[in-house]
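Breakdown of the fold
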Amino acid sequence: MKQSWILVLSAALAAPAAWAQAPQPNPAEAKKTFVADLVGRMTLEEKIGQLRLISIGPDMPIAQLADEITAGHVGGTFNSVNRPDNRRLQDAAMKTRLKIPMFFAYDVIHGHRTTFPIGLGLASTWDMASVERMARTAAREAAADSIDMTFAPMVDISRDPRWGRTSEGFGEDPYLVSQIARATVQGFQGPQRPLAADRIMASVKHFALYGAVEGGRDYNAVDMSPMRMYQDYLPPYKAAIDAGAGGVMVALNSINGVPATSNTWLMQDLLRRDWGFKGVTVSDHGAIVELTRHGVARDEREAAKLAIRAGIDMSMADSVYWKELPGLVRSGEVPMQQIDNAVTEVLGAKYDMGLFKNPYLRIGAAKDDPADLKADSRLDRPAAREVARQSLVLLENRNGTLPLSRKASIALVGPLADAPIDMLGSWSAAGYDKLAVTLRAGLNAAIGQGGRVTYARGANITGDEAIVKYLNFLNWDAPEVTQDPRTPAEMIQEAVRVAQQSDVIVAAVGEARGMSHESSSRTSLDLPQSQRDLITALKATGKPLVLVLMNGRPLALQREQKEADAILETWYAGTEGGNAISDVLFGDYNPSGKLPISFPRSVGQIPTYYNHARLGRPFTEGKPGNYTSQYFEEVTGPLYPFGYGLSYTDFALSDVVLSSPTMERGGQIEAAVTVRNTGRRAGETVVQLYIQDVAASVVRPVKELKGFRKLMLQPGEERVLRFPITEEQLKFFNARLEHVAEPGRFNVQIGLDSQAVREQGFELR
């Protein structure tokens, strides 16, 4: 029976149509048998060729890449996002001896053709259905462009906003990020295996701990206790893997002195053995050769040996495996079994993508290729607009400044008011900036007949030409940051004149998207001085001032908080950003976003995160600060806490009611709270459940998010929310890395952010 099935599987290589007609055995066994048979028929060179992941570019034009594929030297590519090119490359793969198909990968992070809000914006929705909707839409669009795999979700916990890649992730909290990781993987992949034609494989990144690089400086080292790893930083990766992510991208950083790319404990003991991961692992860009720069490999030969031994299946964008592995195997320094293990995972991923069944599954026929890759008709604008509206966080709204009247005369100023490429944010995949709706376009489309929008740039993003040069160097296609040649004084003078002739000022300020990107770490969290000067001048007009922030990290806003009458955090809101922001500014949508990351008062407060460890000398607000843990120059604590976000209505919470004052081992209790809309408008809010372990064998956080519920209430409406609490939610990793719940008292806190909470306690027996 086994031999006959192998013959059927082998025939499928030469004639994929035979696959559909063959009797189907157990799916897992079928995959295992198919892959093992194929590996057994491969030469060493064919195996090593499958371990190479190459990008089309100046160093590898498509004609050369096609030749490399035909020669069996490449297993997959990335950054090719059109069907004719990928069809040509797949045709080359079908000329090889075994006709092993290629797969095509791309960084589809927060949308593909349709750009959704960046990661921090998606996290601000606290809405898993919306997150999954983004991933589902992105998968459909990417698959239509012949993409099989995405290097996402990016689930690195980030507690230092100086790190430029904070923008890609989902914030500071392991529970929230884990929930988003699951939703994203489900949206990309769906339930079917092999994947459906309109789904793509998720490759979670950056494994591991990349968000904890020292000083928030990209590519830096990570030094962290195992207990903190397991408790705070590892859960989101595991959540993505438990949700079925088919791939893992390995981080560029070292962990406690060992680079992730050569870290056998990380890749073998933790990922494969403890977590049971059975997918493909991919190095980050050039990471294997970088082992020599880390100083753990003498040369590229040793780098290849360390990486394959650790369990790095595919080498991205370097030739180290291809050059060095054949000699290492023939010398006996690398056992053939290590090569076979890697090839098995690569072929297994291709099997799960459905490519052995049909190598052209997502490429399709030439007659069906889109006439215009960038056509507006290829976008899902309703989805982008709806998710973007949910992502906006109202930080300030003094005296009911917002929502604006459509009859008002509005002065729209700021360097980001009419910046389509910045609206898309970093890692915007195949998003096309000319299809993005800017704030200027959104306001003009939404203003009533009695209203008026008058625009003035007011300032450049920055007056520092060295920063402009750096940001434009990062962009490979064309300069993204353009400078108005006028003097700062001239631009401010124009903005002030426009403001004086208007009823209200809307100032779009923040960061160019390249300032919140890979390799764009900052030493300051302040707005650039050019924009701060503009805001001060606008404030002096006496007109109501609304700041619309566009940024990919928390900013230090103490000065702006005092000057502005309203502040709306919009992150980078995506293709429909201008319309979504206008919906909120005019009150067509009541803002419901909540911060997934704390905003420090200044860069000197970093790290500022809500679930910090309890201290022996904690600072207590309202009490003398001497000999307590504080910064004496400014107020202790965040400017805006985790979970914070205002609405155009008001909500009130009752006291917390527990179903029992005790919980038995293996049991559960219920925490109930009544939520009431006490305002005049319908609105959504996010009710958040936190738990504090009062006394444990190790120092525990002051509180931890353990649940949340988003709900819509009409004016005057109230609803009772019930949160089940189980022993599992009380568990933590102790000093011996045992996952335990210890008996004792626990405080249950429920609130609309991490600080303003109602509390009740119970005992775990």
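Residues numbered from 1 in each chain as written. Predicted model: local features only at pLDDT ≥ 70, side-chain atom pairs only at ≥ 80, totals over all residues. Heavy atoms only, no water.

1. Considerations on the overall build of the protein
Looking only at helices and strands, the protein features 24 helices and 27 strands. Along the longest, intermediate and shortest principal axes, the C-alpha atoms of the protein span 80 × 65 × 50 Å. Expressed as a percentage of the 765 residues in the protein, the buried residues total 62%. Within the protein, contacts between residues separated by at least 24 positions form 78% of all contacts whose residues are at least 6 apart in sequence. Just so you have it, the protein exposes about 28,700 Å², and 50% of that area is on carbon and sulfur atoms. Put simply, the protein has 84 plus and 88 minus side-chain charges, and the middle of one group is 3 Å from the middle of the other. (Helix = DSSP H or I, 4+ residues; strand = E, 2+ residues; numbered from the N terminus. Buried < 20%, exposed > 50% of the residue type's maximum accessible area, 1.4 Å probe, protein only. Contact = heavy atoms within 4.5 Å. Areas by Shrake-Rupley, 256 points an atom, 1.4 Å probe, with all protein chains shown as cover. Lys, Arg positive; Asp, Glu negative; His and termini not counted. Charge placed at Lys NZ, Arg CZ, Asp CG, Glu CD.)

2. Overview of the side chain of D160
With respect to the helices and strands, D160 occurs in the loop between strand 4 (149-150) and helix 9 (174-189). A polar contact of 2.7 Å, which involves the side chain of D160, links it to the side chain of R162. Polar side-chain contacts of D160 include one of 3.2 Å to the backbone nitrogen of G216. (Polar contact = N/O pair within 3.5 Å; in protein donor to acceptor, adjacent residues only side chain to side chain.)

3. With respect to the UniProt feature "domain: Fibronectin type III-like" (unreviewed entry) in the protein
What UniProt calls "domain: Fibronectin type III-like" (unreviewed entry) maps, in this numbering, to residues 685-754. In residues 685-754, helix accounts for 0% and strand for 57%; the two terminal C-alpha atoms are 14 Å from one another. (UniProt positions renumbered as here; feature names shortened; annotations may be inferred.)

4. Details of the sheet that holds strand 4
Whenever strands of a sheet pair, they do so through backbone hydrogen bonds, lying parallel or antiparallel. Spatially, 9-6-5-4-3-2-1-10 is the arrangement adopted by the eight strands of the open sheet, whose pairing is parallel. Of all strands in the sheet, those bounded by a partner on one side alone are strand 9 (280-283) and strand 10 (315-316). Inspection of the sheet shows strand 4 paired to strand 5 (residues 201-207) by two bridges, in the parallel sense. Bridge pairing links M149 to M201 in strand 5. Relative to strand 5, helix 11 (residues 235-242) is tilted by about 165°, and along the sheet it contacts strand 5 and strand 6 (247-250). Each of strand 5, strand 6 and strand 9 is contacted by helix 12 (residues 264-274), which is oriented at about 135° to strand 5, the strand it contacts most. (Pairing = 2+ DSSP bridges. Axes fitted to C-alpha atoms, helices over the stretch in contact; angles between N-to-C directions.)

5. With respect to helix 6 (residues 83-93)
For helix 6, the full list of buried residues reads R83, N86, R87, L89, Q90, A92 and A93. Sitting at the head of helix 6, N82 places a side-chain oxygen 3.0 Å from the backbone nitrogen of D85.

6. Some points on the domain arrangement of the protein
When the domains of the protein are assigned, the result is domain 1 (105-363), domain 2 (377-597) and domain 3 (651-764). For domain 1 and domain 2, the distance between their C-alpha centres works out to 33 Å. Taken together, the contact pairs 45 residues of domain 1 with 42 residues of domain 2. For the domain 1 and domain 2 pair, buried surface summed over both sides reaches about 3,500 Å², with 56% attributable to carbon and sulfur atoms. Taken together, the links from domain 1 to domain 2 amount to three salt bridges. Put simply, R140 and D380 hold a salt bridge, and the shortest N to O gap is 3.6 Å. Listing elements by their share of the side of domain 1 that touches domain 2, those giving two or more residues are helix 7 (119-124) and helix 8 (128-144). Here the side of domain 1 that touches domain 2 takes six residues from helix 8, the largest share from any one element. In terms of residue class, the side of domain 1 that touches domain 2 is made up of 16 nonpolar, 16 polar and 13 charged. (Domains from an automatic or database assignment. Buried area = accessible area lost by both parts, 1.4 Å probe. Salt bridge = Lys/Arg side-chain N within 4 Å of Asp/Glu carboxyl O. Nonpolar A, V, L, I, M, F, W, Y, C, P; charged D, E, K, R; others polar.)

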